[in-house]
Amino acid sequence: MKTITKSCIQLDAKVATKEDAIRLAGQLLADAGYIAPTYIDSLLRREQVANTFLGNGVAIPHGMIEDRHFIRHTGIAILQVRNGVEWNPGQIVHLVVAIAAQSDEHIALLRRLTRLMQQPEALEALVQADNPLVLIAALDDAATPSAAPQPVAPAWPADAEVTWTVDYPNGLHARPATRWVETAKRFPCELRIYKDAEFADAKALTELLALGVSCGATLRLAARGPEAQRALNALYDTLRGLSAVEQADAERARRAALAARQTAPEWTPGGATRTLYGIGASPGLAVGKLVRHISQRFEISDQPGDVVAEGEALEQALLAVRADREELEGRTRQRLSAAEAAIFAAQRELLADPALVREALATLMQGHSAAWAWQRALRARIEKLEQLADPLLAARALDLRDVGEQVLAQLLGIERQRLTLTEPSILAAEDLTPSDTLQLDTRHVVGLVTSVGGPTSHTAILARTLGLPAIVAAGPALLTVPDGGIAVVDGGAGCLYLDLSEADQNSVAEVIARQTAARERLRATRHLPATTTDGYTIEIAANVANPKQAAAALEAGAEGIGLMRTEFLFLERNSAPDEDEQYRVYREMIEVMAGRRLIIRTLDIGGDKQVPYLNLPHEDNPFLGVRGARLLLRRQDLLYAQLRALYRAAQHGPLWIMFPMVTHLSEIEALRGHCDLAREQVQGPEVPLGIMVEVPAVAVLADQFAPLVDFFSIGTNDLTQYTLAVDRQHPELAVQADSLHPAVLNLIDATVRGAQKAGRADGGGWVGVCGGLAGDPLGARILTGLGVDELSMSAQDIAPVKAALRGESRTAMQDLARRALRARTADEVRAL
């Protein structure tokens, strides 16, 4: 009995749902005598435990292994669904290939199907074919070339397209590419990125990276299908919206690299030592026993098994590792920050790439084991990335190896190797994956050195965040250094010192001890108030994004939270958080703070923070567009959900509400009215209402704004860029966005004086500062001299700032502030 017959092919099938499609295909098989009707239920049950969407508009529903006895003959039913049917959210299917296989007779067909999936034009011809023989000819190995007309691969007609020249200084690497993919996946249509004659599916991360897109390349974006124009607009906005971020990141990296090259060694040996030179990737000095770390490698022999079972094993391994990456991403966001968490979000997206999975399935369907097939597809992708000319893009091969080998470990049932250390150690390795780096026991690992890699690698980024001195690109000589010797790593200068004399060991230990003692002195006094030598106390608070960061900030010495950013609730998701979800987070924040001051800023979206699912219109200059309070007044669905959640949370403890990007008196008047209504709706208590001072107009008119608000909080980062007309993310001009510029300081002074003038009448006039200037010891001294009431900063800046303020009188700081206001440049202020 033939595997494919005309009676089991239905052209232009009209089905409304996935279940309809599966039932229709199953009925075709039953009517043709391939299966007992009971097997149709088995096809549906498979969907509850596995995803049968293969990619590129193709699904392969098949039944449960334990129901094979309902299969009378191996057969295939094909539904051609020209209008498409949603298989899973965001996955539209045009070809349904239902499989009833007694053993492995269908492998040849699947092999041809996966080959066709790598030829989108040929696949499209099957979707549009008017003759069932076209499908039989394409999918049946027994068919001869003359049995039916061959599919003609048409050109790919797009419904919408646009060209764009890449202005990312580092080209298209994993983090921006992940954002492209996230945007593309929100739409049901097909999206392609063309670079010359090559193209990539915009929903497939490894395909995008494999294009090797460098700065200056011209890309063509094309969309076809439902919502094509809307999807193309959203993707184009995402591409362009990331430009400022990418340029700023590149400028910061350039300046950091320049500083590293200019960094003098923190210590130099007095005697003769062997020195290896690399690139400083994370500053700091450390001494410890050199320990070689040899990356785990998998030698896999092909052990073919049941094709369906092997496919299920691969699917389960992929699901397990995706869940692990998601958990790791969440833990990293809480422990470090969203920037570091994005590393593992990108890894998860690499794993979700349908092209990579298709390649593995194609090999598996040829009768190979899941582990062997996955390793083969993985190696091919890694080699392709490693061959890219751009070193930053080539470095993403390590991320793919990291997450890909986690899948192999799952398939083989192998526990990933973990280092067990008992004393201070410097880890030497060819390279370290991000997973390896994040899971290091930092109680004993004091430094890292790798023979390859670069300072922009994700491992280097994690090392800097973890505070581990690190060197990369130390060369192959590193791998010949024996274990066990005492070594010193200077991550600033990029030096690894070996074969140390006892005198040198003692010398470097003394330097590190002095550095450690200085840090410990700061830590020991972190909970002391910032009281000047003449008895004036200024409140020191922290800027945070979630309850765990708040708890860490309190441990670091914070006395309150001067800025809780609520954007984290809205970012990296597909829909806005509802009122209940927000209420739970704000209430948890109140519980963590236990009565201390908590200032929560309402949603500040726009500028450098974009949320694709809000479908906001594209703006050529988003920093001067609809952002902050301007957006909330236009999107009252967002405003009221957040305000009701805040007032409900306020029933459990004190909080202050702060609105960003206010420019006009009418805006705060309108916002106060909305607050009154939201508070009445939930029977919440009255709370202090304030605004951020980010726009020069508010600073100039502070005495007029002050009677309408309970407090000001000065955001020096935005106030600086708006005052100096410098985009703080511009790669060339960002260095000029200096908050110590006298013009900025005079606006801060005007804000304080305006608030104090109004405060004399009603007892108010409270002013805080939550921008970067507050965390700079010099800036903190000047701000204290100007008369601000609170300084809010990153947790790591709290102890040094408190120590600086405790070491001087307020009178001296007031004199410093007066001289700073009279200065002509930021450099003159620093010279004071």
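What counts and what doesn't
- Residues numbered from 1 in each chain as written.
- Predicted model: local features only at pLDDT ≥ 70, side-chain atom pairs only at ≥ 80, totals over all residues.
- Heavy atoms only, no water.
- Helix = DSSP H or I, 4+ residues; strand = E, 2+ residues; numbered from the N terminus.
- Buried < 20%, exposed > 50% of the residue type's maximum accessible area, 1.4 Å probe, protein only.
- Contact = heavy atoms within 4.5 Å.
- Areas by Shrake-Rupley, 256 points an atom, 1.4 Å probe, with all protein chains shown as cover.
- Salt bridge = Lys/Arg side-chain N within 4 Å of Asp/Glu carboxyl O.
- Pairing = 2+ DSSP bridges.
- Axes fitted to C-alpha atoms, helices over the stretch in contact; angles between N-to-C directions.
- Core = buried A, V, L, I, M, F, W, Y, C linked by side-chain atoms within 4.5 Å.
- Left-handed = near helix turned anticlockwise from the far one by under 90°.
- Nonpolar A, V, L, I, M, F, W, Y, C, P; charged D, E, K, R; others polar.
- Polar contact = N/O pair within 3.5 Å; in protein donor to acceptor, adjacent residues only side chain to side chain.
- Expected span 1.5 Å × (residues − 1).

Caption draft 1: Up close: the overall build of the protein chain. When helices and strands are tallied, the protein chain shows 31 helices and 26 strands. Here the protein chain holds 832 residues, and the buried ones make up 55% of them. Put simply, 71% of the contacts in the protein chain that link residues at least 6 apart link residues at least 24 apart. Approximately 33800 Å² of the protein chain is accessible, and the part contributed by carbon and sulfur atoms is 50%.

Caption draft 2: Main features of the pattern of salt bridges. Taken as a whole, this structure holds 35 salt bridges when the rule is applied. Among the salt bridges present, the one from Glu 539 reaches Arg 597, with a minimum N-O distance of 2.2 Å. Taken together, the positions of Glu 539 in strand S19 (residues 537-544) and Arg 597 in the loop between helix H20 (579-593) and strand S21 (598-601) put the pair 58 residues apart, joining distant regions of the chain. With a relative accessible area of 18%, Glu 539 lands in the buried category. The exposure class assigned to Arg 597 is partly exposed, which follows from its relative accessible area of 23%. Salt-bridge contacts for Asp 815 lead to Arg 819; the nearest nitrogen and oxygen are separated by 3.2 Å.

Caption draft 3: Molecular detail of the sheet that holds strand S3 (residues 58-59). Ordered in space as S1-S4-S5-S3-S2, the five strands form an open sheet in which the pairing is mixed. Looking at which strands have only one partner, the edges of the open sheet turn out to be strand S1 (9-10) and strand S2 (53-55). The pairing of S1 with strand S4 (residues 75-88) spans two bridges and is parallel. In the strand pairing of S4, Ile 9 is matched with Ile 78. Helix H4 (residues 120-128) rests against S3, S4 and strand S5 (91-100) of the sheet, and its axis sits at about 95° to S4.

Caption draft 4: Looking closely at the nonpolar core. Counting 98 residues, the largest nonpolar core has Phe 712, Ile 782 and Leu 791 as the members making the most contacts within it. Top contributing element to this core by residue count: helix H22 (residues 636-649), with eight residues. Not counting residues within four places of it along the chain, the set of residues in contact with Phe 712 comprises Ile 691, Val 693, Ala 702, Phe 705, Ala 706, Thr 751, Ala 755, Trp 766, Val 767 and Gly 768. Membership of the second largest hydrophobic core comes to 80 residues, among which are Trp 180, Ala 202, Leu 356 and Ile 382.

Caption draft 5: The arrangement of the packing of H20 against H22 in detail. Contact geometry of H20 with H22 gives a least axis separation of 8 Å together with a crossing angle of 40°. Along this stretch, H20 crosses H22, giving a crossing that reads as right-handed. Touching Glu 579, Asp 580, Gln 582, Tyr 583, Tyr 586, Arg 587 and Ile 590 of H20 are Ala 641, Gln 642, Arg 644, Ala 645, Leu 646, Arg 648 and Ala 649, all from H22. Considering only residue class, the contact of H20 with H22 consists of seven nonpolar, two polar and five charged.

Caption draft 6: Structural context of the pairing of strand S16 (residues 486-490). For S16, the tally of buried residues reaches four of five residues, placing the bulk of the element in the interior. Pairing between S16 and strand S17 (residues 495-498): three bridges, direction antiparallel. Bridging from a neighbouring strand, Val 488 pairs with Tyr 497 of S17. The hairpin turn running from S16 into S17, its antiparallel successor, is four residues long, and Gly 494 in that turn takes a positive phi close to 75°.

Caption draft 7: Region of interest: the environment of Ile 691. Within the element layout of this structure, Ile 691 appears in strand S23 (residues 689-693). Ile 691 gets classed as buried once you look at its relative accessible area, which sits at 0%. With sequence-adjacent residues up to four places away left out, Ile 691 is seen in contact with Met 658, Phe 659, Val 662, Ile 668, Val 698, Phe 705, Val 709, Phe 711, Phe 712 and Ser 713.

Caption draft 8: Spotlight on the side chain of Ser 792. Examined against the element boundaries, Ser 792 turns out to sit in strand S26 (residues 790-793). According to the relative accessible area criterion, Ser 792 is buried, its value standing at 0%. A polar atom in the side chain of Ser 792 sits 2.6 Å from the side chain of Asn 543. Of note is the side chain of Ser 792, whose polar atom sits 3.4 Å from the backbone nitrogen of Gly 562. What Ser 792 contacts, discounting residues up to four positions off in sequence, is Ala 541, Ala 542, Asn 543, Gly 562, Leu 563, Val 769, Cys 770, Gly 771 and Ala 774.

Caption draft 9: Just helix H1 (residues 18-31), in detail. For H1, with 14 residues, the first-to-last C-alpha span of 20 Å sits near the 20 Å given by 1.5 Å per residue. Within the span of H1, buried status applies to Lys 18, Ala 21, Ile 22, Ala 25, Gly 26, Leu 28, Leu 29 and Ala 30. Of the residues flanking the end of H1, it is Gly 33, one or two places downstream, whose phi is positive at about 90°.

Caption draft 10: Unusual backbone geometry, seen in detail. Residues other than glycine seldom take positive phi values, yet Met 661 does so here, at roughly 55°. By the element assignment, Met 661 lies in the loop between strand S22 (656-659) and helix H23 (665-682). Met 661 gets classed as buried once you look at its relative accessible area, which sits at 2%. In this structure, Gln 683 takes a positive phi of about 55° despite not being glycine. Note that Gln 683 resides in the loop between H23 and S23. With relative accessibility at 65%, the residue Gln 683 sits in the exposed group.

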